[in-house]
Amino acid sequence: MRILSFYFGHDANVTLLDEGEVVCVLEKERLTRVKHDAGPMDLAAILEDYGWTPESVDLVVFNPYLRPGRDGRRFALEIEGERYDERPDYKQDGWCGPPEGRMSRHRIRLFGRPFEALAVDHHLAHAAGALFTSPFAEAGILSADGSGDLRACAMAWGAGNRIHEIEYGWGYEKKKMQLNIGAVWASLGEYNFGMKRLEGAGKLMGLASYGTPREEIVAVLREQMLYYPYAPFQTFRFGRGDELALEPEDPFAQDVCASLQQLTTELFLEAARRLKSRWPVACAVLTGGCAMNCIANTAVHRSSLFAGTWVPAQPHDGGLSLGQALFAWHHVLGRPRTPRPLTPYLGTDAGPLPEERAEEIVGFLEQGLSVGLCYGRAESGPRALGHRSILLDPRIPDGKERLNREVKHREWYRPYAPMVLGGDWGVPGKYMSYIVPVAAHGVPAVTHVDGTTRPQILEEGDDPFLLRLLRLWRERTGCALLLNTSFNCQEPLVDTVAQARATWRRTGLDVLVTPEGVETKTGRPGAGAQ
Ligand SMILES: [Fe+2]
């Protein structure tokens, strides 16, 4: 049974699933080099790349909510059958029921021929993707984003290979209202800070740690989440005239972000309590774009409501085709599942590295050099997890400023994260989704202003090359952490060796390590080690 699944909203993506095994999860932005790229992808070329033919596809799974691509062209689905979003109850606020109410069966025409097909709702795909890639047999699921297919949040309960029930719109205060956490982060970034809409939240979460939450700001933000999430933050309610613009250096702007963070954390906790009282679950999985908020995730994890929590590697919309495909395989087709974390390395394959390369990399890092690493299959999801990563010694006092200046050109207030060799950190930090305190660890380049960091924790069973690298690093330095940031410079994560080399050449990144060899720059320490 071969399943082709696609999602063509922003962060468009495609998944191929063969007998329940994930063949690939491909994000459009990695292929087109346009961040968060939306719209149709070349399905025929993807099938061919992975040795599939259209005739070999047994089932197509899709999201029917289509947005035009960058060129403005609309992509029309040729489908037969009533779509779930055309049913009279689709816009009913607070809809709750079995997931069959948020999916529909169709015949779809692709590649000039018809296929059996399923349409799956946005938050249902988030929920299924999160549970079915987690280590839990049963869990409650919280999903929140900036509004996926008209809904900003949902909670669900799943066990075994089924999602039993899904309820839309947690966080109601009044009938017909839903709190839109993600849209307020995005609007604050876009309208007040002048950032790109889909990039504001990630940046401002970093800035939030510089400010202090203030109750009067929290109250205004709470109102905004209910009534006008797509409008700017109302700075004029704080004696600032008509000026809506905010600057990161401004303490008031920092306090606004800190207040939004506090409100987000409060709402996550409120939702978690509601989830726990609604269904008798021991564990929770958190998903949707808002589950990239590591502080809120950590608050839920540490709340003692659950024995365990989990955030998938791809909680954002880039994971929707995977969620749709797994929902079809397990829930609709009834195929059993073995609860275990799914590997995040599901993208383009750059090829393997020889084991001994780890020793060379540690040598460069000990000299204080930055190392760009591109090998194996690219990470699915928003975080670089070692296969398309830039590494640096986290003990370097001005390591963060150096990387910002020479390589990444990022905002001064954004933190860097580490990969960590094991240890009891108290969070399931496989994919950099939780925070831990590190102020006492002597790693200033990855220590945020609040003394925390969001680690990728590697344990036995994880990527063998990265484990070897971290063990060697610890042996030589006594330090179990390495700064690990995405291999890119103001662009999507590099996908191929050629892209990695191009980014290495045009930035101040010192060393490039790929399956094609080790490349250094003349005039820098270590140069000549080809
Ligand atoms: Fe979403």
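Since we're looking at a predicted model, the values are computed, not measured. (Residues numbered from 1 in each chain as written. Predicted model: local features only at pLDDT ≥ 70, side-chain atom pairs only at ≥ 80, totals over all residues. Heavy atoms only, no water.)

### Observations regarding the sheet that holds strand 17 (residues 388-392)
1) Next: Read from one edge to the other, the open sheet built from 7 strands follows the order 21-18-22-17-15-23-24, with strand pairing classed as mixed. This sheet does not close on itself; its edge strands, each paired only once, are strand 21 (456-458) and strand 24 (517-520). Averaged over neighbouring strand pairs, the angle between their axes works out to 25° when direction is ignored.
2) Next: The sheet strands contacting helix 11 (residues 399-408) are strand 17 and strand 22 (481-486), and the helix crosses strand 17 at an angle near 135°.
3) Next: Where helix 12 (residues 464-477) meets the sheet, its contacts fall on strand 15 (371-374), strand 17, strand 18 (418-421), strand 21 and strand 22, and the angle it forms with strand 18 comes to roughly 80°. (Pairing = 2+ DSSP bridges. Helix = DSSP H or I, 4+ residues; strand = E, 2+ residues; numbered from the N terminus. Axes fitted to C-alpha atoms, helices over the stretch in contact; angles between N-to-C directions. Contact = heavy atoms within 4.5 Å.)

### Describing the confidence of the model for the protein chain
1) Next: Averaged over every residue, the pLDDT of the protein chain is 94; residues scoring 70 or more account for 97%.
2) Next: In the model, residues 526-530 has pLDDT below 50 throughout and makes 13 contacts with residues more than four positions away in sequence or in other chains. (pLDDT = per-residue confidence, 0-100.)

### A few points about the nonpolar core
1) Next: Residues Ile163, Leu188, Phe193, Phe233, Ile361 and Leu373 are the most contacted members of the largest nonpolar core, which totals 146 residues.
2) Next: Counting residues per element, this core draws most heavily on helix 7 (residues 251-278), which supplies 12 residues.
3) Next: Beyond its immediate chain neighbours, meaning those up to four positions away, isoleucine 361 contacts Val371, Leu373, Leu391, Phe465, Leu469 and Val513.
4) Next: Counting residues in each nonpolar core, the second largest holds 25 residues, with Phe8, Ala12, Ile46 and Tyr84 among its members. (Core = buried A, V, L, I, M, F, W, Y, C linked by side-chain atoms within 4.5 Å. Buried < 20%, exposed > 50% of the residue type's maximum accessible area, 1.4 Å probe, protein only.)

### Observations concerning the sheet that holds strand 9 (residues 138-148)
1) Next: An order of 6-11-10-9-12-13 is seen for the 6 strands of this open sheet, with the pairing classed as mixed. Strands at the two margins of the open sheet, each flanked by one partner only, are strand 6 (96-97) and strand 13 (308-310).
2) Next: Relative to strand 12 (residues 283-287), strand 9 runs parallel, the two being bridged by 4 bridges. Note that in strand 12 the partner of leucine 142 across the bridge is leucine 286.
3) Next: Sheet strands in contact with helix 3 (residues 122-132) are strand 9, strand 10 (151-159), strand 11 (162-168), strand 12 and strand 13, and its direction is about 140° off that of strand 9.

### Regarding helix 11
1) Next: Most of helix 11 is tucked away: 7 of the 10 residues are buried.
2) Next: Here helix 11 has its buried residues at Gly399, Lys400, Arg402, Leu403, Asn404, Val407 and Lys408.
3) Next: Lining the buried residues of helix 11 we find strand 17 and strand 22.

### What about the pattern of salt bridges?
1) Next: Summed over all chains, the structure comprises 34 salt bridges.
2) Next: For arginine 405, the salt bridge goes to glutamate 406, with nearest N and O atoms at 3.9 Å.
3) Next: Exposure remark for glutamate 406: the relative accessible area of 24% places this residue in the partly exposed category.
4) Next: Note that glutamate 411 is salt-bridged to arginine 414, the shortest N-O span being 3.3 Å.
5) Next: Look at glutamate 411 and you get partly exposed, because its relative accessible area is 23%.
6) Next: Sharing partners across several salt bridges, the network here consists of Glu165, Glu167, Arg274 and Arg278. (Salt bridge = Lys/Arg side-chain N within 4 Å of Asp/Glu carboxyl O.)

### With respect to the packing of helix 4 (residues 181-192) against helix 5 (residues 200-208)
1) Next: Remark: helix 4 packs on helix 5, axes separated minimally by 8 Å, with the N-to-C direction vectors making an angle of 90°. Comparing their axes, helix 5 and helix 4 come out roughly perpendicular. Within the contact between the two elements, helix 4 uses Trp185, Leu188 and Gly189 and helix 5 uses Gly200, Ala201, Leu204 and Met205. (Parallel < 35°, antiparallel > 145°, perpendicular 65-115°, else oblique.)

### Quick notes on the coordination of the iron ion
1) Next: Ligation of the iron ion by protein atoms is provided by His122 (NE2), His126 (NE2), Asp145 (OD) and Asp317 (OD), these donors lying 2.1 to 2.3 Å from the ion.
2) Next: Bound by 4 donor atoms, the iron ion shows angles of 89 to 165° at the metal and therefore irregular coordination geometry.
3) Next: The motif formed by the donor residues of the iron ion, counted along the single chain, is H-x3-H-x18-D-x171-D. Remark: histidine 126 and histidine 122 occur in helix 3; sequence separation between them is 4 residues, near one turn of the helix. Neither histidine 122 nor histidine 126 differs from the other in exposure class; each is buried. (Donors = N, O, S within 2.8 Å, 3.2 Å for Na, K, Ca; no water. Tetrahedral: all angles 85-135°; square planar, octahedral: opposite > 155°, others 65-115°.)

### So, the pairing of strand 15
1) Next: Neither face of strand 15 is open: one carries Val371 and Leu373, the other Gly372 and Cys374, and all of them are buried.
2) Next: In this sheet, strand 23 (residues 511-514) lies alongside strand 15 in parallel orientation, the contact comprising 3 bridges. Note on strand 23: the bridge partner recorded for valine 371 is valine 511.

### Comments concerning the environment of glycine 451
1) Next: Position of glycine 451 relative to the elements: it lies in the loop between strand 19 (436-437) and strand 20 (452-453).
2) Next: Judged by relative accessible area, which is 14%, glycine 451 ranks as buried.
3) Next: Taking C-alpha positions, glycine 451 is 33 Å from valine 34, a pair spaced 417 residues apart along the chain.

### Looking at the packing of aromatic side chains
1) Next: With the rule as written, the count across this model stands at 11 aromatic pairs.
2) Next: Each ring, one from tyrosine 84 and one from tyrosine 90, has its centre 5.8 Å from the other, and the planes form 65°; the classification is edge-to-face. Each of the two residues, tyrosine 84 as well as tyrosine 90, counts as buried.
3) Next: The interplanar angle of 50° and the centroid separation of 5.6 Å between the aromatic rings of phenylalanine 238 and phenylalanine 252 together place this pair among those described as tilted. With phenylalanine 238 in the loop between helix 6 (215-227) and helix 7 and phenylalanine 252 in helix 7, this residue pair connects regions lying 14 residues apart in the sequence. A single burial state applies to phenylalanine 238 and to phenylalanine 252, both of which are buried.
4) Next: Three or more aromatic residues link up through ring pairs in this structure, and these residues are Phe6, Phe8 and Phe62. (Phe/Tyr/Trp six-rings, centres within 6.5 Å; stacked < 30°, edge-to-face > 60°.)

### Some details on the domain arrangement of the protein chain
1) Next: The domain boundaries assigned to the protein chain delineate domain 1 (1-128 + 316-337), domain 2 (134-311) and domain 3 (345-520).
2) Next: The distance between the C-alpha centroids of domain 1 and domain 2 comes to 26 Å.
3) Next: Between domain 1 and domain 2, the residue contacts involve 35 residues of the former and 33 residues of the latter.
4) Next: Around 2,700 Å² of area is buried between domain 1 and domain 2 when both sides are counted, 52% of it from carbon and sulfur atoms. (Domains from an automatic or database assignment. Buried area = accessible area lost by both parts, 1.4 Å probe.)

### Describing the side chain of lysine 521
1) Next: In this fold, lysine 521 is placed in the segment after strand 24.
2) Next: For the buried residue lysine 521, which engages in no salt bridge, the nearest side chain bearing the opposite charge is aspartate 510, 6.3 Å off.
3) Next: Only 2.5 Å separates the side chain of lysine 521 from the backbone oxygen of tryptophan 504, close enough to count as a polar contact.
4) Next: Polar contacts involving the side chain of lysine 521 include one to the main-chain carbonyl oxygen of threonine 507, which spans 2.7 Å. (Lys, Arg positive; Asp, Glu negative; His and termini not counted. Polar contact = N/O pair within 3.5 Å; in protein donor to acceptor, adjacent residues only side chain to side chain.)

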